[in-house]
Amino acid sequence: MADSASLQFVSPYAFEAMQKVDVARLAALSDPELRLLLPCLVRMALCAPADQSNAWAQDKKLILRLLSGVEAVNSIVALLSVDFHALEQDARKEQQLRHKAGGSNGESILVSQLQHGLTLEFEHSDPLRRLRLALSELLAIINKVADSNGEFFLKSSELFESPVYLEEVADVLCILQAELPSLLPIIEVAEALLHVRNGEWFLCLLVANVPDSFSEVCRGLIKNGERQDEESVGGRRRTEALRQLCQMNPSQALNIRAMVVEECHLPGLGVALTLDYKPDMADEAVSPLVSYVSGLLLGTNGKVRTWFSMFIRNGQQRKRESSSVLWQMRRQLLLELVAILPRSRSTHVPNDSDMDTESSSGYSGLREEHVVKASALLRLYCALMGIAGLRPTDEEAEQLLQLMTSRPPATPAGVRFVSLSFCKLLAFPTLVSTPEQEQLMVMWLSWMIKEEEYFESAAGVSASFGEMLLLVAMYFHSNQLSAIIELVCSTLGMKIAIKPSSLSKMKTIFTQEIFTEQVVTAHAVRVAVTNNLSANITGFLPIHCIYQLLRSRAFTKHKVSIKDWIFRQLCETTTPLHTQLLPLIDVYINSILTPASKTNPEATNQPITEQEILNVFQGLAGGDGGKVRSQYTITTQLLILYYILSYEEALLANTKTLALMQKKPKSYSPALMDQIPIKHLIRQAQGLQQELGGLHSALLRLLATNYPHLCMVEDWIGEEEVTGTLPLLRKMLLTSSSCKYSQTQLREAFQNVLSVGPRLLRILEHLTLLSAGDLIPYAEALTASMGLLLEDGVSRRILQTVNKLWMVLNTVMPRKLWVMTVNALQPSVKLLRQQRYTQNDLMVDPLIVLRCDSRVFRCPPLMDITLHMLNGYLLASKAYLNAHLKETAEFERQAQTVSNLGLGGQPDTPEVTREELKNALLAAQDSAAVQILLEVCLPSPQEELQLGGGGGADSLLRSVQSAPGIPMRKQVGDAGTGRGAQGEREAEGGLLSDLREVQCLICCMLHQMFIADPNIAKLVHFQGYPQALLPLTVAGIPSMHICLDFIPELLAQPQLEKQIFAIQLLSHLCTQYALPKSLSVARLAISVMGTLLTVLTRTKRFAFFMPTLPCLVSFCKAFPPLFDDVMSLLVQVGQVSAADVSTKARDIDPLIARLQYLREKPQEIPLSVSKNSLRKRSAEELGGADPDVQLCYQIEATFMNIISSSTQAL
């Protein structure tokens, strides 16, 4: 728009005066400046104001005085005297007429036929006709714009082009828009003015006379603008007009620029406004242009990024023009870049002697105040070239290389600048095109290697560019070009498309000239570890380099030991956990177990020693003297624990591979594992899950695999009770003035438990207020004295408190606690022999737990502890045997193969045999534990007398039937109430006895074992156990119903005692679980009994039917539909038995006839008479009768019991 360059525009000073209606400032304007604002000022002076204040009245007088000396005011007053209402009506009629005529320039209502040209008509016309001429011309342009469908045109109009009448036309235009705003919306007028010459000048005058419309006009022009403004003449004219508007009102320039970005229109305008912007206080760090363009290309809005990138790409396709906004931007950026370059920089390559002279003119350093600006410029050029596709000119490339190879001061910003420069070299290697430039780059890289250590110490940063150099060198050696590209993009903070083929030159330089692989590994070990490594330390650290070198097996290849470095780094960690630590440990473990190549199986790294691991958990630092250092952080301890568990798991997983290579790495000793408080560490990790990232879940996975006894569900539930709200309230009650007790006082109180029971209870109650960690020092004193609690007269409350304290300790030190407890509860004979069991002994033979003092089996609180330990050691034994099997299988098979070489016909022992043997051993352990526990449930002779003097089976059955379900535990008594008083309650035959409570605990554990592995239940019942326990097991173990699945198989066994046990078990199950499945199995049992009747000999028949006939009563009681089948069976058994009796010429009652009568008419027999006669006969005759006679009477008794139960049911 050079056509309006000679015209005078409204100055920012004048526009601000109009905006604020500052009369004093208006009065200070020159006549030419005031002339441009006359339309608004005249209207302001003549129109009735809304503001009736005295202040405005005074200002209005000043305005009138100001206008009184201006001649042009009269013409404007004349324009305002016109009837605008009539004018508007004529204008609307003309619009309708043009609409009907299709927009053709036909007859006009506003303007009659012109005799002369438009300019002459305007000159000779009165004010009304001037208004009509301008309005007609403006409406024609507006209509044409509306019909152009976005295509730009330039309307030739004498009225808007004659320099003589521009001011008068501007006056008419301003008056028309002000008086006819509905006919001439200011946005439409602004759009129309873009299509005439001098349009931007008219637009600025129009907006200056209506200053409130500035934002509205600008937004409308931007919204209707092109997406790429430099592509068309219309776009450039629109940009220039908006640029002139912003020059008139510079305070709104940044807001207009924000509108441009918001609408994604006119990108050149945004750049132009930035170039025009002159901030009041210049920021020396980063220029507005760098900030603006960087924000567009590196922001999060992808739409904006694509829009501006297209502007850059399209701008490069046109010839270089000085008027192009893009070239103006590039020139400004280049000027800023050159301004911060070190003085006297050139592409001169110094010789070796120049390397040491830092003051060399070719290598003067970058000034500290320019470092941040240089970094911002580098990132901007990276974005322009990588995202927007900018192709730098030779001059730009030369100056960029000069900046990139300059040497900043040793500050954090300097470290950042070097990292960015290095990544830019990798991202755009085409910047280095000549041999001189390549040599310059090599010299600069050598300087980086030399100065890296100094920069890191002087700048005080943990992440220096030295690690990045190492990392890139490692990637080049392992040909991981995609990793280099990812590294470059993450450092620059932008996604750039880099072709791997473009890195070939840099790869050659790195691998052959600067960093050979041996140099990389040797240098990496000497790099200092990162102090207090955590996720808060960003950037590329030594740990990244070591990780990549471990992955590429560079250390083992060149026989460089890395173990000490890794251990030091693990010891220098804190929360939040750095994400690279776990992958580092995993790849380190892999390098220990797996050789770098099959040809060299010894090429592995060394594992961390046991002493170093012990130092971490004992607070001793490795090194000379072993002096005590500050406590290792919980992060270090958890990482070492993760290392040990992962190492052991990987060792088992790689046994086959290691066996093939005849290599067997050493595993860590059980003694070491016993000294690591695994559960305590896991519990601490649970409270730090947010800071530890994935470490807690990884430890839980390893624990569940290798230490299942530390992951029991009961323990997790118990921990919730220990860490819940109630314990927290108790701890709040523990004031600082509370009495403290030592371990010695606790031991002394235990030694005199019978005499000083209240004192011991007071100490124990105090200990319950302590946290689990604070309770650890008392563990040994507590467990060592447990045997003393087995004496008669010890308070039940003391026992329960000890149980509670033991469970709390179990949450932090279960393995050590279990070993101490097992040794403390040994019988007195073993204690005298000083036989001490170890953790390994108990894992090999878990049944040692049950070889305790027999009094434990009648002490419920201690029995609860014993069962908990037994459950844990059974799980530990499974894991131990599985690990042992994996550990030895491949090596034994390898040895077997070697020993069998040359011996034909001797196949290897199949692996399945070892697995079966292991499963058989585990099954034997579990079943033995169950059998021992069931035996514990049997009452002793004294207890049988207390329960009622009858047989064990009857007494247990009566107890269970009288209280179906799990009985309540005995209430806690007073501190002084001893167990001697409990004997009196037990003598009453009630359920509140130690025996009953122990039975409940055992049944609960057996229930869990049967649920965990139903095969245990099957094995135990195939082995059998005393029939007296059946009422207890069926009623007390809820999972006993699973026995219904295998009772048919048990009935099919050839042993008579197993068949008898199956029928007895089934009779109790039918009573407890009257289910359809029970009914079908009962039918099968009756059928089996009928079949056996026909095949058993006389002796076996007596042995089988005497114990099983009473079971038929339970069948009928549970399932009345079985009455007929049972009666038929009883009659058959009676017939066979009576036939045997008759062969001996024995005269007994007509049994068969009586049985048939009872079967047909049971209701006619008086129940009491039948029972009395049966009881009398049993007492007098049954004892001396032979087996067949006894069986006959047993049949009759069974008949009577069935009839009795059915009659009672009715």
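From a predicted model like this one, the values you see are computed outputs, not experimental measurements. (Residues numbered from 1 in each chain as written. Predicted model: local features only at pLDDT ≥ 70, side-chain atom pairs only at ≥ 80, totals over all residues. Heavy atoms only, no water.)

### Notes on the overall build of the chain
Here comes step 1: Each helix and strand in the chain was counted, giving 67 helices and 0 strands.
Here comes step 2: The 1210 residues of the chain split such that 51% are buried.
Here comes step 3: Restricting the contact set of the chain to residue pairs at least 6 apart, pairs at least 24 apart contribute 74%.
Here comes step 4: For the chain, the exposed area adds up to about 54,700 Å²; of that, 53% sits on carbon and sulfur atoms. (Helix = DSSP H or I, 4+ residues; strand = E, 2+ residues; numbered from the N terminus. Buried < 20%, exposed > 50% of the residue type's maximum accessible area, 1.4 Å probe, protein only. Contact = heavy atoms within 4.5 Å. Areas by Shrake-Rupley, 256 points an atom, 1.4 Å probe, with all protein chains shown as cover.)

### With respect to the state of the cysteines
Here comes step 1: Enumeration according to the criterion identifies 0 disulfides in this entry.
Here comes step 2: Not engaged in a disulfide, the cysteine C40 finds its nearest cysteine sulfur in C174; these two sulfurs lie 8.7 Å apart.
Here comes step 3: Not part of a disulfide, C1111 finds its nearest cysteine sulfur in C1070, a span of 9.8 Å.
Here comes step 4: Here C1111 falls in the buried class, since its relative accessible area comes to 7%. (Disulfide = S-S within 2.5 Å.)

### So, the packing of aromatic side chains
Here comes step 1: All chains considered together, the criterion is met by 12 aromatic pairs.
Here comes step 2: Here the aromatic rings of Y1025 and F1061 are separated by 5.1 Å at their centres, their planes lie at 80°, and the arrangement is edge-to-face. Pair noted here: Y1025 is in the loop between α57 (1014-1023) and α58 (1030-1036) and F1061 is in helix α60 (residues 1056-1072), with a separation of 36 residues, a long-range link.
Here comes step 3: Residue classification places F1061 among the buried residues on the basis of a relative accessible area of 7%. (Phe/Tyr/Trp six-rings, centres within 6.5 Å; stacked < 30°, edge-to-face > 60°.)

### Here we look at the environment of E1049
Here comes step 1: Looking at where E1049 falls in the secondary structure, it is placed in helix α59 (residues 1047-1051).
Here comes step 2: With sequence-adjacent residues up to four places away left out, E1049 is seen in contact with K1018 and F1022.

### Digging into the environment of Q675
Here comes step 1: The residue Q675 is located in the loop between α37 (670-674) and α38 (678-686) in this model.
Here comes step 2: For the pair Q675 and L614, spaced 61 residues apart in sequence, the C-alpha to C-alpha distance is 7.9 Å.
Here comes step 3: Excluding anything up to four places from it in sequence, Q675 contacts L614 and Q618.

### Focus on the packing of helix α7 (residues 84-100) against helix α9 (residues 127-147)
Here comes step 1: Put simply, α7 and α9 touch, their axes get as near as 11 Å, and they point 35° apart. With respect to the hand of their crossing, α7 and α9 are arranged in right-handed fashion. Together, F84, L87, D90, A91, E94, Q95 and R98 of α7 and L131, R132, L135, S136, L139, A140 and N143 of α9 make up the contact between the two elements. (Axes fitted to C-alpha atoms, helices over the stretch in contact; angles between N-to-C directions. Left-handed = near helix turned anticlockwise from the far one by under 90°.)

### Digging into the packing of helix α14 (residues 214-223) against helix α16 (residues 253-263)
Here comes step 1: In contact at an axis separation of 10 Å, α14 and α16 are set at 30° when each is read in the N-to-C sense. Viewed along their axes, α14 and α16 adopt a mutual orientation that is roughly parallel. Remark: the crossing between α14 and α16 carries right-handed chirality. When α14 is examined against α16, the residues F214, S215, C218, R219, I222 and K223 are found in contact with a partner set consisting of I256, M259, V260, E262 and E263.
Here comes step 2: A breakdown of the residues in the contact of α14 with α16 according to their chemical character gives 6 nonpolar, 1 polar and 4 charged. (Parallel < 35°, antiparallel > 145°, perpendicular 65-115°, else oblique. Nonpolar A, V, L, I, M, F, W, Y, C, P; charged D, E, K, R; others polar.)

### What about the nonpolar core?
Here comes step 1: Core analysis: the largest hydrophobic core is formed by 248 residues, its most contacted members being L245 and Y643.
Here comes step 2: The element that contributes the greatest number of residues to this core is helix α35 (residues 634-653), accounting for 12 residues.
Here comes step 3: In this structure, Y643 is in contact with I585, Y588, I589, I592, P607, I608, I613 and Y668, ignoring residues within four places of it in sequence. (Core = buried A, V, L, I, M, F, W, Y, C linked by side-chain atoms within 4.5 Å.)

### Side note on the environment of P49
Here comes step 1: You can see P49 is positioned in the loop between α4 (38-46) and α5 (54-67).
Here comes step 2: The spatial distance from the C-alpha of P49 to the C-alpha of K60 is 9.5 Å, given a sequence separation of 11 residues.
Here comes step 3: Contact partners of P49, with chain neighbours within four places excluded, come to W56 and K60.

### A look at the confidence of the model for the chain
Here comes step 1: Scored by pLDDT, the chain comes out at a mean of 78, with 79% of its residues at no less than 70.
Here comes step 2: Every residue in residues 901-909 scores below 50 in pLDDT, and together they form 6 contacts with partners more than four places removed in sequence or on other chains.
Here comes step 3: Here residues 957-990 is modelled with pLDDT under 50, and outside its nearest four sequence neighbours on either side it reaches 57 contacts, counting other chains as well. (pLDDT = per-residue confidence, 0-100.)

### Examining unusual backbone geometry
Here comes step 1: In this structure, P576 follows T575 across a cis peptide bond, with omega equal to -5°.
Here comes step 2: Topologically, P576 is positioned in the loop between α32 (563-571) and α33 (581-593).
Here comes step 3: Here the phi dihedral of C264 falls at roughly 55°; this positive angle occurs in a residue that is not glycine.
Here comes step 4: Relative to the helices and strands, C264 is located in the loop between α16 and α17 (267-276).

### Focus on a nonpolar patch on the surface
Here comes step 1: A grouping of F152, L154 and V233 is seen on the molecular surface, where their side chains present a nonpolar patch of about 240 Å² in accessible area.
Here comes step 2: Position of V233 among the secondary structure elements: in helix α15 (residues 233-248). (Patch = residues over 30% accessible without salt bridge, like charges linked within 9 Å, V, L, I, M, F, W, Y side chains within 5 Å. Salt bridge = Lys/Arg side-chain N within 4 Å of Asp/Glu carboxyl O.)

### Re α14
Each α-helix winds once per 3.6 residues, and so residues spaced three or four apart point in a common direction.
Here comes step 1: Within α14, burial applies to F214, V217, C218, G220, L221 and I222.
Here comes step 2: The inward-facing, buried residues of α14 abut α1 (12-20), α12 (186-193), α13 (199-209), α15, α16 and α17.

### Section: helix α22 (residues 371-386)
Here comes step 1: The end-to-end C-alpha separation of α22 is 22 Å, in line with the 22 Å expected for 16 residues at 1.5 Å each.
Here comes step 2: Most of α22 sits inside the fold, with 13 of its 16 residues counted as buried. (Expected span 1.5 Å × (residues − 1).)

### Here we look at the pattern of salt bridges
Here comes step 1: Enumeration according to the criterion identifies 26 salt bridges in this entry.
Here comes step 2: Connected through salt bridges with shared partners, the residues E16, K20 and R25 form a single ionic network.

### Focus: the side chain of H1021
Here comes step 1: With respect to the helices, strands and loops of the structure, H1021 is situated in helix α57.
Here comes step 2: Among the polar contacts listed, one links the side chain of H1021 to the side chain of Y1025, at a separation of 2.9 Å.
Here comes step 3: Once residues lying within four places of it in the same chain are set aside, the contact partners of H1021 are F1010, M1040, C1043, F1046, L1050, F1061 and L1065. (Polar contact = N/O pair within 3.5 Å; in protein donor to acceptor, adjacent residues only side chain to side chain.)

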